[in-house]
Structure formats: C-alpha cells, structure tokens
Amino acid sequence: MTTRTSTVITHIGTLVTNDGDAAGGSPGDPLGVVEDAAVVIEGDRVVWVGAAGKEPATDARYDAGGRALLPGFVDSHSHLVFAGDRTQEFHARMSGRPYSAGGIRTTVAATRAATDAELSANVARYLGEALRQGTTTLETKSGYGLTTHDEARSLRIAGEHTDEVTYLGAHVVAPEFADDPAAYVELVTGEMLDACAPHARWIDVFCERGAFDGDQARAVLSAGAARGLIPRVHANQLSHGPGVRLAVELDAASADHCTHLTDADVDALASAPATVATLLPGAEFSTRAVYPDARRLLDAGATVALSTDCNPGSSFTSSMAFCVAVAVRDMGMTPDEAVYAATYGGARALRRTDIGRISPGARADLHLLDAPSHVHLAYRPGVPLTAAVWRGGLLLDGQAAAQP
Ligand code: NIG
Ligand code: FE
C-alpha cells in the first residue's frame, strides 16, 4: 500500500482558483478569488479548498505568509526544439530591419546540425527556466527540422520533456523544396506525417504569406486530423488572411497570434468557444509590431489565452508573467482577465480540465507569488515574483527556502 502525503498550504492572502463556484469566492467572479484561504493537496492532486483554519487535518503544513497563490501558468504555445540563436537578427531588427518568416531557415540549419543530446538539453533548459517562473504545463512544437528525420526526432525529443507535443512540419517550406512547395506539402501530409503522428497530439501550420496559404494549410490540417492529430493554427500573425476562419472551420483547439483580424474573424472566434484565440505578445514585443487587440476579442465573447511563443526568432521569452504584464498594459486586458488567460485560458487551448485551476480533483500545480495579490504580476512588471512552485504536488527543488 502506498501512503500519499497530505499538505495544507495555509495563510494564503489571495487565492486565485479560476473556479467560479469556489467556496468563499464571490458569485460571478470567473477568477474565483478567495481571501484568507487554505488549499490541501494530497499526492499529485488538490483535494480541498476553503477558508484558512477550516481545513481538514493533514500530514504537513506550509505557511504562505499572506502571499498570493495561483494555478501554475499553462503555456500553450512554444517552439523549444531548436539549436543556435538569432541574436544578430534581433539586433538588426531593433536597428530598423523588419521581421520576416525567412529567419526560421537559420534555425533550421542549426537544428539539423545539432545532436539529439544538444536538442534535448536545450528543451530541458528552457522548460526548467519556465518552471522556475511558475509555468507548470508547456506545449512545444517541431518545425525547425523540416525533413522527415529531423521532424520526427524533434517530436520524440519534445515528448521526453512534455506531454503536449505539436507536429509543425508546415512551419515554412523546407529550403530544398523552395521551387516546389506543392511537393513539400505532399511530404508533410504523407511520409513525414507517417513518421511524426505517433509522437504528437496536435498538428499546426503557419498560415501566412511566405509560409502556407489557406488551401495548403487546410490540406495539412485535414491530413493530420485524419490521423487523429487535433489542429491548431498559426493564424493572422503578420497580415490578414484565412488562418482564423480555417481554424474555426476545422474546430481547431486554437488560433494563435490573431494579430490582424477582420470583424468576420472576430465573429468567427466568438461563435466558436472551443477554438481559443491564443495571443502571443512576446512576438509583437520582439518584432516591434502592433499588439493584438484582446479587448475586442473579449468584448465579442471569444475565449482568450495568453502564451509565450518562446522561440529563438520572434519571441525569445519563457516568461508568462511578462506576457500578462504586456497584455494588461497594451492589449486592453484587466489583470484578472490576463491571469485567467495565462492559466485556465491555456488549459482550454490544450483542451484540458485537470490543469489551470485550483479546485478539488485538479492536478496540484501551484504558483506562490512573493506578493499579496495576482495583480502584482502586471503592477510590478519585470520583477521575479515567483516564491514557490508545486507541479503535480511536488515542491520544486531549491524553493523550500522561500517559506517564511
Ligand atoms: O510563432 N510564426 C511562426 N513561427 C514562429 C516564429 C519562429 C521563428 O521566427 O523562428 C512564431 O512567431
Ligand atoms: Fe509560434
């Protein structure tokens, strides 16, 4: 018989549950904030949430010292299987050169030349970096291999580190196929898909001028769906286009970026709550572009997530807190909306109900801030506020000292 240790985290100043029905929460508050709260975890699960002092007896106790406890961030969009970096490209861009998708090929060359061990170490490094900043679930993609061998090994390596793995063979047309994009789409939907499908849960395509048009994107996503992969789409990042409406048409889990939207795109997202508009402000920050209008999407009734898009080209940040701060400052989100989008919004984009909230039965993924409230994520931008992180009930190594 195994013994599961139970721990109460008590004296929580502000608890964000993302559970509108949370005991002690205010009716109608989707964030389900409870003041002066306690949470009991047992094994890898949350088993009790309520007022401090009312909790059942437990084996251990952790005093949160009046600070804020949130669900771990759910980062539903990243590109961590890569080698090399693109510092020079960033430097040139900040000196006035515009961003184009062409830089992806630089990372493709470096990634192909890297060993499995180098790629795996890179994924582990950035995943660890994210975890130390409160991210307890992270999706990541292939897309810097663009050969059958390199895409399949990228996915296999990603799968050693996370369950949420996305096949992005259709990131850009591989350089060898520059004169024959149709043949590349055939590869991505044929032999490459055969090799990649067993290693992935999702399929993605960069639907954009200079990458794949609407018809090509539909062919890629439909082929993946026929193999059991669920679509997600890089949509409307650099220009208006068919990506968002295609995502809705194919019941994709997310339309990511959503920077350039027509009213019809917004209406389509509003009418399709299962297709989450995933906003990636790190990309606009790092390409010095106009931010997506989160307010417009929220007011229309769309489901919104925030994510980092962590990649070496257009958004080299693993910080969800940074994304929250930018979304509040420049995208019209309230602090509550941004925190919700970065936690339960991400869970929705990954079609998960076991993460992104703190309620009985959820995985014990918890983020203690060195601040009294979640609002400080936007109020104190750039400040490392993570005091402690539990993932699946385990307190991250090296963070016990954070206990007051
Ligand atoms: O999400 N948009 C396409 N893919 C990445 C960019 C990757 C790169 O520039 O290397 C993105 O922004
Ligand atoms: Fe991306």
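All residue numbers refer to position in the chain's written sequence, counted from 1. Throughout, the order in which chains and ligands are written sets their labels, letters from A for the former and numbers from 1 for the latter. Totals for whole chains, interfaces and linings use all residues, but because this is a predicted model, local features are given only for residues with pLDDT of at least 70 and pairs of side-chain atoms are given and counted only at 80 or more. Hydrogen atoms and water are omitted, and side-chain values are computed over all heavy atoms in the structure.

Quick notes on the domain arrangement of the protein
In step 1: Segmentation of the protein into domains returns domain 1 (6–71 + 357–395) and domain 2 (73–349).
In step 2: Either an automatic procedure or a domain database provided the assignment from which the domain bounds are taken. Using C-alpha coordinates to define each centre, domain 1 is positioned 30 Å away from domain 2.
In step 3: Working rule for contacts: check all heavy atoms of both residues, and any pair within 4.5 Å makes them a contact. Counting from both sides, the interface comprises 19 residues of domain 1 and, opposite them, 17 residues of domain 2.
In step 4: Buried area is a sum: the accessible area each of two parts loses on coming together, probed at 1.4 Å, counted once for each and added. Surface buried jointly by domain 1 and domain 2 totals about 1,500 Å² across both partners, of which 68% is contributed by carbon and sulfur atoms.

Focus: the site of ligand 1
In step 1: Any residue with a non-hydrogen atom lying within 4 Å of a molecule or strand is treated as near it. Among the 15 residues in the neighbourhood of ligand 1, the closest are listed as Tyr99, Tyr144, His171, Gln237 and Ser314.
In step 2: Two N or O atoms form a polar contact when they lie within 3.5 Å of each other; inside protein one atom must be a possible hydrogen donor and the other a possible acceptor, and for residues adjacent in sequence the pair counts only when both atoms belong to side chains. In this structure, an oxygen atom belonging to ligand 1 sits 2.5 Å away from a side-chain N or O atom of Ser314.
In step 3: Each accessible area is a Shrake-Rupley result for a 1.4 Å probe, and residues are judged covered by the shown protein chains and nothing else. Expressed as a share of its isolated accessible area of 320 Å², the protein-covered part of ligand 1 is 100%.

What to know about the coordination of the iron ion (ligand 2)
In step 1: Water is not among the atoms examined, so metal sites may look incomplete; donors are the N, O and S atoms within 2.8 Å of the metal, or within 3.2 Å for Na, K and Ca. Coordination of the iron ion (ligand 2) by the protein involves His77 (NE2), His79 (NE2), His234 (NE2) and Asp309 (OD), with metal-donor separations of 2.0 to 2.3 Å.
In step 2: Going along the chain, you hit the donors of the iron ion (ligand 2) in the pattern H-x1-H-x154-H-x74-D. Separated by 157 residues along the polypeptide, His77 in the loop between β6 (73–75) and α1 (87–93) and His234 in strand β11 (residues 230–235) bring together distant segments of the chain.
In step 3: Exposure is judged per residue with a 1.4 Å probe applied to protein chains only, and the accessible area is read against the type maximum: over 50% gives exposed, under 20% gives buried, and values in between give partly exposed. The buried category is assigned to His77, whose relative accessible area is 0%.
In step 4: What makes His234 buried here is its relative accessible area of 3%. Helical segments are the DSSP runs of H or I of at least four residues, strand segments are the runs of E of at least two, and each set is numbered from the N terminus.

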